[in-house]
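# Structural overview for review
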Amino acid sequence: MHRHRDPRSRSSRPITVHDVAKSGHLPAFQKLLRDNPALVNQPNDVLAQTPLHVAAECNNVDIVRFLLELEGPEKIGLEAKNMYGETALHMAAKNGRTEATKLLLAHGASIEAKTDNGMTPLHLAVWHSRWKEDCSTVKTLLENNADCSAKDDENKTPLNHLSQGPAGENLRQMLIRYSDEQRKRKAIEACGETKAKMDKLEDALSGIVGLHEIKAQLRRWAKGMLLDERRRAIGLKVGARRPPHMAFLGNPGTGKTMVARVLGQLLHMVGILPSDKVTEVQRTDLVGEFVGHTGPKTKRKIKEAEGGILFVDEAYRLIPAQKADDKDYGLEALEEIMSVMDSGKIVVIFAGYSEPMKRVIGSNEGFCRRVTKFFYFEDFSSEDLAQILLIKMNNVTEESLLYGFKLHPSCTTEAIADLIQREITEKRRKEMNGGLVDPLLVNARESLDLRLDFDCVDTEALVTITLHDLESGLKLLA
């Protein structure tokens, strides 16, 4: 049997699995692992390198292949790191071991793994090739789509490192060519992703009736934000947008909460917020009953909403209509919210009637500096309400009381709008707006039940709501 000796010493010592991995003697390596399978991922004492690290560093491809194809209870640690945070692919790359690099990549080694100082295998391969004429390892990594724009902890890309020390022109031109190709490919991919996201937003907006100005603003925001996302995807540096705190002004039932949810989806979709959640609160959720209670109560709600939107409904209730002798705790809650609006961790929407909201706007000198967008939600017309009703009936879920029911073909938008116009006063419509639709449909289903006889065998009639049912339902709301 071939006797291995430590190259640093004349005296013999026990042969380690790392020694054999370095020697490239496959039969001896296989015997060691048969005798002790636990050695497969054992780190050595000096650099904490596994046998795969050592074999890859020495380009001992037979041992690398054996380890990668090893079957049994002991699985190879493909992404195991040494004391510098280097994987086996880093070791192959920084030593110009092209065959080992190809093998590791073919078995799924992470091409963008980073060392403790943020270097990818491409960074290290470029470092090696600067001093050698052989660029084959760099080329192999690039052909496997290694990211030319990846930056280490010094904010340097692989191409940036060519400014230090000698570098062949072939290497430089290769990196520049692949960088340009990747930038173009990313631009094409980003374009497709941008269109897909805009389509997703349009789907969400299609469920909102009316509110044309607000939807136009959402589209403008979406386009700008998505273009910023695309700019960054291709390596351009652009300034970050500030969180768009805003006020929604209008009567109840005009779609303020629905728009807030769509906005949450939009801001999450473009990366401004990490979540699309919308946390809805009112005065009772924020304001305490005694001194020292309001601050912690409000902070808990802010913490709950962090990463998404805090939707403060009927925000004017935080500010008393008349000046009281004692300080109202609502103002304390408002000040607590205002204090976190510059953090970038949350978007705040204040909602309420237009006139009373003037109290909120005038209560804090920093309000208009932080709340930069004001949206006015108009009351719904009879035609708008008819469209909302039809949308609801077309999107009924299994949890709904109306699941399984449908409208008679005579229930067109025009016919329903005429009914609403005739049976509900303008004052009542403004009081309820979209809030009119759900109770109307519940009443209409009850009207259907009253009309039917127990001996009815017409399955269509059993689940079909007619104009007569809608009219009966409206009369109960008038």
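Reading the values: the criteria
Residues numbered from 1 in each chain as written. Predicted model: local features only at pLDDT ≥ 70, side-chain atom pairs only at ≥ 80, totals over all residues. Heavy atoms only, no water. Helix = DSSP H or I, 4+ residues; strand = E, 2+ residues; numbered from the N terminus. Buried < 20%, exposed > 50% of the residue type's maximum accessible area, 1.4 Å probe, protein only. Contact = heavy atoms within 4.5 Å. Areas by Shrake-Rupley, 256 points an atom, 1.4 Å probe, with all protein chains shown as cover. UniProt positions renumbered as here; feature names shortened; annotations may be inferred. Phe/Tyr/Trp six-rings, centres within 6.5 Å; stacked < 30°, edge-to-face > 60°. Axes fitted to C-alpha atoms, helices over the stretch in contact; angles between N-to-C directions. Parallel < 35°, antiparallel > 145°, perpendicular 65-115°, else oblique. Left-handed = near helix turned anticlockwise from the far one by under 90°. Core = buried A, V, L, I, M, F, W, Y, C linked by side-chain atoms within 4.5 Å. Expected span 1.5 Å × (residues − 1). pLDDT = per-residue confidence, 0-100. Pairing = 2+ DSSP bridges. Disulfide = S-S within 2.5 Å. Polar contact = N/O pair within 3.5 Å; in protein donor to acceptor, adjacent residues only side chain to side chain. Salt bridge = Lys/Arg side-chain N within 4 Å of Asp/Glu carboxyl O.

## Quick look at the overall build of the chain
Tallying secondary structure elements over the chain gives 22 helices and 7 strands in all. Per-residue burial over the chain gives 42% buried out of 478 residues. The contacts in the chain between residues at least 6 apart in sequence include a share of 71% that link residues at least 24 apart. Summed over all atoms, the accessible surface of the chain reaches about 25400 Å², with 51% contributed by carbon and sulfur.

## Re the UniProt feature "repeat: ANK" (unreviewed entry) in the chain
When the UniProt feature table is mapped onto this chain numbering, "repeat: ANK" (unreviewed entry) sits at residues 47-69, 84-116 and 117-153. Secondary structure across residues 84-116 divides into 48% helix and 0% strand, with the first and last C-alpha atoms of the span separated by 6 Å. A distance of 5 Å separates the end C-alpha atoms of residues 117-153, which is 51% helix and 0% strand.

## Regarding the packing of aromatic side chains
A complete count under the given rule lists 5 aromatic pairs for this structure. For the pair Phe-248 and Phe-311, a centre-to-centre distance of 6.4 Å together with 65° between the ring planes defines the contact as edge-to-face. Residue Phe-248 is located in strand 1 (residues 246-250), and its partner Phe-311 is located in strand 3 (residues 309-312); the two are separated by 63 residues in the primary sequence. By relative accessible area, which is 1% here, Phe-248 ends up buried.

## Observations regarding the packing of helix 7 (residues 121-131) against helix 8 (residues 136-143)
Taken N-terminus to C-terminus, the directions of helix 7 and helix 8 make an angle of 155°; their axes are 8 Å apart at the nearest point. By the angle between their axes, helix 7 is roughly antiparallel relative to helix 8. The interaxial crossing formed by helix 7 with helix 8 has left-handed handedness. On helix 8, the residues that touch Pro-121, Leu-122, Ala-125, Val-126 and Ser-129 of helix 7 are Thr-137, Val-138, Leu-141 and Leu-142.

## Some points on the nonpolar core
In terms of nonpolar packing, the biggest core is built from 41 residues, with Leu-104 and Val-138 touching the most fellow members. Ranked by size, the runner-up nonpolar core spans 30 residues in total, among them Leu-218, Val-259, Met-269 and Phe-377.

## Overview of helix 11 (residues 256-269)
Residues three or four positions apart in an α-helix share a direction because the helix packs 3.6 residues into each turn. Look at helix 11: 20 Å from first C-alpha to last across 14 residues, which is about the 20 Å you get at 1.5 Å a residue. What helix 11 keeps buried is the set Lys-256, Val-259, Ala-260, Val-262, Leu-263, Gly-264, Leu-266, Leu-267 and Met-269. Trailing helix 11 by a residue or two, Gly-271 shows a phi angle of about 85°, which is positive.

## Regarding the confidence of the model for the chain
The predicted coordinates of low-pLDDT regions are not to be read in fine detail. Taken as a whole, the chain shows an average pLDDT of 84; of its residues, 92% reach a score of 70 or greater. Low pLDDT, under 50, characterises residues 1-11; the stretch is placed with 9 contacts to residues that sit more than four places away or in other chains.

## Remarks on the sheet that holds strand 5 (residues 373-377)
Taken together, 5 strands build an open sheet; the order of strands is 2-3-4-1-5 and the sheet is parallel. Bordering the open sheet on either side are strand 2 (278-281) and strand 5, each of which pairs with just one other strand. Sheet twist, expressed as the mean angle between neighbouring strand axes with direction ignored, is 20°. Strand direction decides the pairing type here: strand 1 and strand 4 (residues 347-352), joined by 4 bridges, are parallel.

## A look at the state of the cysteines
By definition, a disulfide links the sulfur atoms of two cysteines through a covalent bond. Inspection of the entire model under this criterion finds 0 disulfides. Looking at the unpaired Cys-135, the closest cysteine sulfur is the one in Cys-148, lying at 13 Å. Residue Cys-135 is classed as buried on the basis of its relative accessible area of 14%.

## Observations regarding the pairing of strand 1
When you tally the buried positions in strand 1, you get 5 out of 5 residues, the bulk of the element. With burial as the criterion, each face of strand 1 is covered, one bearing Met-246, Phe-248 and Gly-250 and the other bearing Ala-247 and Leu-249. Here strand 1 runs beside strand 5; their pairing, made up of 5 bridges, is parallel. Bridge pairing in strand 5 links Met-246 to Lys-373.

## Section: the environment of Glu-154
For Glu-154, the position within the fold is in the loop between helix 8 and helix 9 (169-205). Among the residues examined, Glu-154 registers a relative accessible area of 57% and is labelled exposed. Along the sequence, Glu-154 and Asn-117 sit 37 residues apart, while their C-alpha atoms lie 8.1 Å from each other.

## Brief notes about the side chain of Ser-129
Structurally, the position occupied by Ser-129 is in helix 7. Given the relative accessible area of 2%, Ser-129 is considered buried. Within the structure, Ser-129 has its side chain in polar contact with the backbone oxygen of Asp-134 (distance 3.3 Å). Sequence-distant contacts of Ser-129, defined by excluding residues within four places in its chain, comprise Asp-134, Cys-135, Val-138 and Leu-171.

## Thoughts on the environment of Gly-250
As for its position among the elements, Gly-250 is in strand 1. Spatially, the C-alpha atom of Gly-250 lies 7.6 Å from that of Asp-379, the residues being 129 residues apart in sequence. For Gly-250, the residues in contact, after removing those within four places along its chain, are Lys-256, Gly-352, Tyr-353, Ser-354 and Phe-377.

## Concerning the pattern of salt bridges
Summed over all chains, the structure comprises 19 salt bridges. When the shortest N-O distance is used, the salt bridge between Glu-471 and Arg-422 registers 4.0 Å. On the criterion of sequence distance, the pair formed by Glu-471 in helix 22 (residues 467-477) and Arg-422 in helix 18 (residues 413-423) is long-range, its members being 49 residues apart. For Arg-422, a relative accessible area of 52% gives the class exposed.

## A closer look at the side chain of Thr-279
For Thr-279, the location among the structural elements is in strand 2. For Thr-279, the residues in contact, after removing those within four places along its chain, are Glu-304, Ala-305, Ile-309, Leu-310 and Phe-311.

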